[in-house]
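Residue-level listing of the chains:
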There are 2 protein chains.
Amino acid sequence: MATTTDTIRNGVDTAQLYGTLDAIKADPSIAKFQFRARNRWIEGAHNRSTIRDFYAANQEDTSRTQEFVLDAGEPAILLGTDTGPNPAEYLLHALAACLTTSLVYVAAARGVHLTEVESTLAGDMDVEGALGLSDEYRNGFEHIRVSFRVKGDAPEEKLREVVARAQQRSAVFDMVANGVPVTVDVATP
Amino acid sequence: MATTTDTIRNGVDTAQLYGTLDAIKADPSIAKFQFRARNRWIEGAHNRSTIRDFYAANQEDTSRTQEFVLDAGEPAILLGTDTGPNPAEYLLHALAACLTTSLVYVAAARGVHLTEVESTLAGDMDVEGALGLSDEYRNGFEHIRVSFRVKGDAPEEKLREVVARAQQRSAVFDMVANGVPVTVDVATP
């Protein structure tokens, strides 16, 4: 007979996971989410986002007790004062975090106990693009390489399947690899 | 005659900006950058990236005196404990930060003094995609809306031109709007 602790795997409550999946199957309208960020320029390359509210399950979320504050910046060579990671580095973090969480959830669902998940990410960029000096280079990374190191209680083949499935289902991997339609509106009050 | 303070606009040293552009024109090899992130899983949806080293101007950067630490998480409804913004929210922040910095740099180069730059971002997602419940939905955001509010000492038309140029040159806007090739390697030691 299952006990409460049996349902926790990799820190994920699999009973809650399956309950969520069943609830969405019963009422797909609860699967519509909207995530948000607000950003304010401070000075030079220093700007700050605050993140808290989001929409999910047909209502505004009220569960978060605090807002998250994220400071961005640039290093000296890109005219900043290192007030935070730069935006491209934040994108690498978003990608690493999403692949890792997807991997941990997939492993939990498949009965794989993980003991270690680490990744290193690298993105190559020729800044002649973003600086407007050459049309030969795009503005963003030409390529991103992600290297995972995964340990757990499953055979190598199963661990690799878990990573592959995570890549197939990661929200940020999908967005970074395939792109997203973005519209930009401007008010100049 | 220009004084030192005259070269600082919007917190950006325009003399350094033009110096950087001239240096790259003289030796384009210094424009090759590589940015990096390292991520480690902690528990459940909680993982942490550290960001510090990068490659630029034909060498490893040594200017950063500290590493940046970023914690990711998920809210309760997505099986986490709010240990940080979730990965998709980090992507919105990366996009907001890059558009804002691009806008501030473009304005500095064009002689526009900004007094306020704020933005709100929203991304819509049906989580049936990422949860593997339906192939009708992609994993990531279906669409991202960015709304800027920009004030400065230039006519509305010029402010709008600055935003449009920033969008054309933003590294993260390019990546999010157009996608980037990503390769994922796995070691299972």
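The structure under discussion appears in the preceding block.
Quick notes on the rules
- Residues numbered from 1 in each chain as written.
- Chains lettered and ligands numbered in written order.
- Predicted model: local features only at pLDDT ≥ 70, side-chain atom pairs only at ≥ 80, totals over all residues.
- Heavy atoms only, no water.
- Contact = heavy atoms within 4.5 Å.
- Buried area = accessible area lost by both parts, 1.4 Å probe.
- Salt bridge = Lys/Arg side-chain N within 4 Å of Asp/Glu carboxyl O.
- Polar contact = N/O pair within 3.5 Å; in protein donor to acceptor, adjacent residues only side chain to side chain.
- Helix = DSSP H or I, 4+ residues; strand = E, 2+ residues; numbered from the N terminus.
- Pairing = 2+ DSSP bridges.
- Axes fitted to C-alpha atoms, helices over the stretch in contact; angles between N-to-C directions.
- Parallel < 35°, antiparallel > 145°, perpendicular 65-115°, else oblique.
- Nonpolar A, V, L, I, M, F, W, Y, C, P; charged D, E, K, R; others polar.

Student: Even after reading the chapter, I still don't get the interface of chain B and chain A, so can you show me in this structure?
Tutor: Many authors give the size of an interface as the accessible area that is lost as the parts come together. Taken together, the contact pairs 127 residues of chain B with 127 residues of chain A. Buried area between chain B and chain A, both sides added, is near 11400 Å², and the carbon and sulfur share of it is 60%. When the buried surface of chain B facing chain A is broken down by residue, Phe35, Trp41 and Leu79 of chain B rank first, second and third, together holding 7% of it. Where chain B meets chain A, there are ten salt bridges. Measuring nitrogen to oxygen at the nearest pair gives 2.8 Å for the salt bridge that ties aspartate 174 of chain A to arginine 138 of chain B. Along the contact surface separating chain B from chain A lie 68 residue pairs in polar contact (both at pLDDT 80 or more). Here the side of chain B that touches chain A takes 16 residues from helix α2 (residues 87-109) of chain B, the largest share from any one element. Pairing of strand β10 (residues 182-187) of chain A with strand β9 (residues 143-152) of chain B involves six bridges; the strand directions are parallel. Among the inter-strand pairings, aspartate 185 of chain A is bridged to a residue of β9 of chain B, identified as serine 147 of chain B.

Student: Quick question: what am I supposed to make of the packing of helix α2 (residues 87-109) of chain A against α2 of chain B here?
Tutor: Between two packed helices, the angle of one axis relative to the other and the distance separating the axes together describe the packing. One can describe the packing of α2 of chain A onto α2 of chain B by two numbers: an axis separation of 8 Å at closest approach and a directional angle of 170°. When the axes of α2 of chain A and α2 of chain B are compared, the pair comes out roughly antiparallel. Two secondary-structure elements touch here, α2 of chain A through Pro87, Tyr90, Leu91, His93, Ala94, Ala97 and Cys98 of chain A and α2 of chain B through Pro87, Tyr90, Leu91, His93, Ala94, Ala97 and Cys98 of chain B. Considering only residue class, the contact of α2 of chain A with α2 of chain B consists of twelve nonpolar, two polar and no charged.

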